[in-house]
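# Structural features, examined
Here's the letter readout for the chains.
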Amino acid sequence: MVVATDAIGMGLNLPIRRVVFLETEKFDGVSRRGLTATEYKQIAGRAGRYGQFEKGLYVSPFQMHRAVSAVEDPIAPIESAHLLFP
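What you see is a predicted model; the values in this text were computed from it and never measured. Along each chain, residue indices are assigned from 1 in the same order as the chain's sequence is written. The predicted origin of the model limits local features to residues at a pLDDT of at least 70 and limits the giving and counting of side-chain atom pairs to 80 or more, whereas totals for whole chains, interfaces and linings rest on all residues. Where side-chain values are given, they derive from all heavy atoms of the structure, hydrogens and water being excluded.

### Quick look at the packing of aromatic side chains
Rules: Only the six-membered ring of Trp is used, alongside the rings of Phe and Tyr, when aromatic pairs are assigned; centres must lie within 6.5 Å, and planes under 30 degrees apart are stacked while those over 60 apart are edge-to-face, with the rest tilted. Comment: elements are numbered from the N terminus, with helices defined as DSSP H or I runs of at least four residues and strands as E runs of at least two. A simple rule labels every residue: compare its accessible area, found with a 1.4 Å probe on the protein chains alone, to the largest value its type can have, and call it buried under 20%, exposed over 50%, or partly exposed in between.
In the structure shown here, the tally under the stated rule is one aromatic pair. Pairing Phe 21 with Tyr 40 gives two aromatic rings, centres 5.0 Å apart and planes at 55°, and the pair type is tilted. Of this pair, Phe 21 sits in the loop between strand 1 (18–20) and strand 2 (25–27) while Tyr 40 sits in helix 1 (residues 37–44); the two residues are 19 residues apart in sequence, bridging distant segments of the chain. Taken as a pair, Phe 21 and Tyr 40 share a single burial class, namely buried.

Dropping the structure here:
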């Protein structure tokens, strides 16, 4: 069992079978806000890594419907991007 902040979803590749969301909000440096769909996907994507498990699982004792819809909804395509140079 690993207990971590949402930072675990930012690139840690561990052999994890299940991700449990105990919080559906985060402090973003200014205020508390709900996790975005992209954040749910990124964090839930840690489950089932390294091909060790046939399926990765994610659960949330709070607002499970929100977690499911966030992970299952398709991501909107990026229509444009801009690079700013110093």
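Picking up where we left off.
### What about the environment of Asp 28?
What counts here: Here a polar contact means two N or O atoms within 3.5 Å. Within protein one must be a hydrogen donor candidate and the other an acceptor candidate, and residues neighboring in sequence count only if both atoms are side-chain atoms.
Summarising the element assignment, Asp 28 is placed in the loop between strand 2 and strand 3 (32–34). Judged by its relative accessible area of 38%, Asp 28 is partly exposed. From its side chain, Asp 28 meets the backbone nitrogen of Val 30 in a polar contact 3.0 Å long. Separated by 3.4 Å, the side chains of Asp 28 and Arg 33 make a polar contact.

### Points about the nonpolar core
Test applied: As used here, the term nonpolar core means buried Ala, Val, Leu, Ile, Met, Phe, Trp, Tyr and Cys residues forming a set that is joined through side-chain atoms within 4.5 Å. Two residues form a contact once any of their heavy atoms are found within 4.5 Å.
Counting twelve residues, the largest nonpolar core consists of Ile 8, Ile 16, Val 19, Phe 21, Leu 35, Tyr 40, Ile 43, Ala 44, Ala 47, Tyr 58, Ala 67 and Ala 70. For this core, the elements supplying multiple residues, two or more each, are helix 1 and helix 2 (64–72). Take this core: its biggest share by element is three residues, from helix 1. Not counting residues up to four positions away in its chain, the partners in contact with Phe 21 are Leu 35, Tyr 40, Ile 43, Ala 44, Tyr 58, Val 59, Ser 60 and Pro 61.

### Some thoughts on the pattern of salt bridges
Quick note on the threshold: Salt bridges are defined as contacts in which a side-chain nitrogen from Lys or Arg sits within 4 Å of a carboxyl oxygen from Asp or Glu.
Per the counting criterion, the structure on display carries five salt bridges. Between Lys 26 and Glu 39 there is a salt bridge, with the nearest N and O atoms lying 3.7 Å from each other. A residue pair is termed long-range when its members are at least 10 positions apart, and Lys 26 in strand 2 and Glu 39 in helix 1 qualify at 13 residues. The pair formed by Lys 26 and Glu 39 is uniform in burial state, with each residue classed as buried. Asp 28 serves as the salt-bridge partner of Arg 33, at 3.4 Å between the closest nitrogen and oxygen. Residues participating in the shared-partner salt-bridge network are Lys 26, Asp 28, Arg 33 and Glu 39.

The values are spatial; any link to function lies outside them.
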